[in-house]
Amino acid sequence: MSVSITARSGFTGVWRAVSLLVVAVMTCGWAIAQGIERVATGGAPASSTSPGAAPGEAPGKLAEDDSYQIGPGDLLDVRVYGRAELTREVRVTNQGTIRLPFLDEIRVACQTEAQLGEVIAEKYRKYLRDPQVDVFVREYKSQPVSVIGSVMQPGRFQLQRRVRLLELLTFAGGPGGNAGGVVHVISGSAPDFCDLTSGAPGLVAASASIGDAPALAGDNTAAAPRLEQTMASSQATIPVSVDHGEAKLLAYRLRDVLVGAPESNPFIRPGDIISIPETDQIFVTGAVVKPGATPLRSRLTLIQALGVAGGFAPDAARSRVRIVRQDPGSKIHQELVYNVDDIQRRKAEDIVLLPNDVVHVPSSLPKSMGRGILSVSVNLLNTIPFLITR
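Sequence order as written defines residue numbering, which begins from 1 separately in each chain. Local features are withheld for residues below a pLDDT of 70 in this predicted model, meaning they are given only at 70 or higher, and side-chain atom pairs are given and counted only at 80 or more; totals for whole chains, interfaces and linings count all residues. Hydrogens and waters are ignored; side-chain quantities use all the structure's heavy atoms.

With that settled, consider the packing of aromatic side chains. Two aromatic rings, drawn from Phe, Tyr or Trp (for Trp, its six-membered ring), form a pair once their centres lie within 6.5 Å of each other, and the interplanar angle then sorts them: stacked below 30 degrees, edge-to-face above 60, tilted otherwise. With the rule as written, the count across this model stands at 2 aromatic pairs. On the basis of an interplanar angle of 85° and a centroid distance of 4.7 Å, the ring pair of Tyr68 and Tyr140 is categorised as edge-to-face. With Tyr68 in the loop between helix H2 (61-65) and strand S1 (75-80) and Tyr140 in the loop between strand S5 (133-139) and strand S6 (144-149), this residue pair connects regions lying 72 residues apart in the sequence. Judged by its relative accessible area of 9%, Tyr68 falls in the buried class. By definition, any uninterrupted DSSP run of H or I lasting at least four residues is a helix, any uninterrupted run of E lasting at least two residues is a strand, and each is numbered from the N terminus. Here's how the labels work: a residue is buried when its accessible area is under 20% of the maximum for its type, exposed when over 50%, partly exposed in between, all with a 1.4 Å probe on protein chains only.

Laid out in structure tokens, this is it:
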């Protein structure tokens, strides 16, 4: 009886072993087939890199690019954990280097705080076991930008990270009350250790409506006067780029910058100068209710300018309104005379005013004399009751 039980148990063990072997062979065969199919179709295992990173690029690369990059003039605080004698503050030289104990000159320009900490730690591994190094920027001096013109708080600012044009204008308090309609970004030719931006996006040349002004270098003599026409015309195509060799001028519409339009809100580079010129003006003088200067922020005609000035005074000579205009770059004055009554009756065309035009409304001699006589008569009538009672 015991022999049959032992035989049956041995048979059962063999059967289980054979079953496990068959399952293992089938599993290996399936895995090999899947691998062959993947190679044949060009597939590849999924990468653990984040979707926004390029192949072979670390997941934190995009965030790293927005970190402050050290430059000449910055004051650094270098701390070596457990080594107080190696911890110190150092100023970056004009060549973008620093010196530390036991180490040769280290080029630090264009590196972030974290990157520089790793570089210094690697160099100290010759003398220390597993050194821990931290780097902090104490003073930011290497990336100055300036904001001038019609802004609330013009001045010089030190960039501590990548900043776009609109954000920088907010640092300066925003446009002033007399700000024109254009923002200028002037980029100089000073050496730039760290190329923070690959170029201002969205720059296009001025359209044919302003005389086919060149977008870049090549015809600089023609570019300058045409750029002035571009700034004066409310219909000009902006942004405009003009390269004068040593400096590059970019112009954007102020209203597009203030709404954050991507093509008008570039990253600002170290050394850039942002300028908002004051708006052009026209002047209305003579026999009007409110004589004075009027901002020329958009297209303005003679009738509109007189309306802004409150209209004519009672003794105004409406048929002899003069416009005094000076040609840019010359001392020649041009005088134009218009009959406003004819313009209002549509017998003459309403003229568009140009920057710095002077609109003078003379007084009519007969009207002035009539008003003088009437004033004297009223005064005499007021004195008659006093004489009678006396």
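Still more ground to cover, so stick around.
Chain-level statistics for the protein give a pLDDT mean of 74 and a share of 62% at 70 or above. Looking at any residue, its pLDDT shows the predictor's confidence there, from 0 to 100. Looking at the elements of the protein, mean pLDDT is at its lowest for helix H5 (residues 220-232), recorded as 39, and at its highest for S1, recorded as 96. Residue contacts follow a heavy-atom distance rule, with two residues in contact if any of their heavy atoms lie within 4.5 Å. Of the regions scoring below 50 in pLDDT, residues 1-8 engages in 0 contacts with residues more than four places distant in sequence or in other chains. Considering only residues more than four positions removed or in separate chains, one finds that residues 196-239, a stretch of pLDDT under 50, has 72 contacts.

Turning to the sheet that holds strand S12 (residues 281-286), a few remarks are in order. Paired strands, as defined in this entry, are two strands with at least two bridges between them according to DSSP. Taking strand neighbours across the sheet as the criterion, the 5 strands line up as S13-S12-S16-S14-S15 in an open arrangement whose pairing is mixed. Pairing within the sheet leaves two strands with one partner each, and these edge strands are strand S13 (292-295) and strand S15 (333-338). The sheet shows a mean angle of 20° between the axes of neighbouring strands, direction not considered. Here 3 bridges tie strand S14 (residues 321-326) to strand S16 (residues 358-361), and the two strands are oriented antiparallel to one another. Within S16, the residue paired with Val324 across the bridge is Val358. Inter-axis angles, ranging from 0 to 180 degrees, are taken between N-to-C directions of lines fitted to C-alpha atoms, where helices are fitted over the stretch in contact.

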